[in-house]
Amino acid sequence: ELKEQWIFIIRRILLMKIYRSIEDYNEVKRSVVTIGTFDGIHLGHKKILSRLIKSSKNKDLNSVVLTFFPHPRIILNKYNEVKMIDTLDEKIIHLNEIGIDSLIIHPFDKNFSLLSANQFIKDFLVDKLKIKHIIIGYDHRFGKGREASVTDLKNYADDYDFTVEEIKAQEIEKITVSSTKIRNSINQGDIKTTEKYLGRYFNLTGKVVKGDGLGKKINYPTANIFIEETYKIIPKDGVYLVETIIKDKLFKGMMNIGHRPTIGTNVKSIEVHLFNFNEDIYGQVISIKMISKIRDEKKFSSIQALKEQLVKDENYCLKLINK
């Protein structure tokens, strides 16, 4: 289930049904399915998902997104450090907003990777998901050792009474390029490019934990954010204009990501100072939307010099907000 603190972030009924494995899926109506990792639900993904929803309405089918967790590349290639644009909870929120009927998050492990293509199609897609239509990428491969292709899937279609809609090469390539560009832009701290490709702000979600209290001492109290999901991609060190919703109220602020070189701790931290805010939110999970990068992180000659820079940062942020 979603963390309790997420409820205020959603601010609407969770209409989408969530299943934690294919075996748990129990809808009676036949389905239209698409399969993918759908990391960082972006404009390319949204085109395919809107096609899924349109098809479900036209054919009176249940729209189903089948995704996997952990990411298959993490399980199959232990040396491949894949950083995700969205955490699993964030993905759930974004898919719910799009209007999918059912999301299946199937556990991906070695055993699942050894399923034959025939088992996957017959036992899962046909028997469990009751597919009538599937929307799939031209390069999608499945089954043990990625043995089967879209052509194989089409060969099964007549036998099991479903149709296959193949997503063209150029569309898939656009999605791949978008995901790569999004990761690159996040790594570079280029939040504006990230926003352009996502069609929304990039966000970080984490629990507010105790810090060393330095911010309070210099009149810039901060919420220290702990992100439990180590697979989440974190933007380049620097200062950012951000906004977050706390108890149904929107607050703007500035966030520092980095190693606090002025203090010399050399420990990576994420700290948020919210403007006109003075509440105890320790232990709460908050989602922070990243609006714009202000500057790179840098080392100052003293704590006083750091404080003077924070005043300049705040004034600059307020100018951007007023624009």
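A few points on the structure.

How each quantity is defined
Residues numbered from 1 in each chain as written. Predicted model: local features only at pLDDT ≥ 70, side-chain atom pairs only at ≥ 80, totals over all residues. Heavy atoms only, no water. Core = buried A, V, L, I, M, F, W, Y, C linked by side-chain atoms within 4.5 Å. Buried < 20%, exposed > 50% of the residue type's maximum accessible area, 1.4 Å probe, protein only. Helix = DSSP H or I, 4+ residues; strand = E, 2+ residues; numbered from the N terminus. Contact = heavy atoms within 4.5 Å. 1 Å grid on protein atoms, 1.4 Å probe; cavity = no way out; pocket = protein on both sides within 12 Å on 5 of 7 lines; lining within 4 Å. Points joined across faces, edges and corners; volume = space filled by probe spheres on them. Nonpolar A, V, L, I, M, F, W, Y, C, P; charged D, E, K, R; others polar. Phe/Tyr/Trp six-rings, centres within 6.5 Å; stacked < 30°, edge-to-face > 60°.

## Quick notes on the nonpolar core
Move 1: One finds I35, L66, L125, L129, I134, L153 and F162 to be the most contacted residues of the largest nonpolar core, which totals 29 residues.
Move 2: Counting only elements with at least two residues in this core, the list comes to β2 (31-35), β3 (62-69), α6 (117-128), β5 (131-137) and α7 (150-160).
Move 3: Of all the elements, α6 adds the most residues to this core, at six residues.
Move 4: Excluding residues that lie within four positions of it along the chain, L129 makes contacts with I22, Y25, S31, V33, L66, I104 and F124.
Move 5: Core analysis: the next-biggest nonpolar cluster, separate from the first, contains 27 residues, I85, L204, V208 and V242 among them.

## Regarding the layout of surface pockets
Move 1: Approximately 1,200 Å³ is the volume attributed to the largest pocket.
Move 2: Contributions of two or more residues to the lining of the largest pocket are made by β2, α2 (43-59), α3 (72-76), α5 (110-113), β5 and α8 (169-187).
Move 3: Examining the composition of the lining of the largest pocket, we find that six residues originate from one element, α8, more than from any other.
Move 4: Residue composition of the lining of the largest pocket, by class: 17 nonpolar, 13 polar and seven charged.
Move 5: As a volume, the second largest pocket reaches approximately 490 Å³.
Move 6: Contributing to the lining of the second largest pocket are 22 residues, with K216, P221, T222, E279 and Y282 lying nearest its centre.

## Quick word on the packing of aromatic side chains
Move 1: In this structure the tally under the stated criterion is eleven aromatic pairs.
Move 2: Considering the side-chain rings of F108 and F112, the 5.7 Å spacing of their centres and the 70° angle between planes classify their relative orientation as edge-to-face. Comparing F108 with F112, the two get one shared label, buried.
Move 3: Plain terms: the ring middles of F251 and F277 are 4.8 Å apart, the flat faces sit at 75° to each other, and that makes the pair edge-to-face. One end of the pair, F251, is in strand β10 (residues 249-258); the other, F277, is in the loop between β11 (269-274) and β12 (285-295), and 26 residues separate them in sequence. There is no split in this pair, since F251 and F277 are both buried.
Move 4: These aromatic residues form a ring-pair network of at least three members: F68, F108, F112, F120, F124 and F142.

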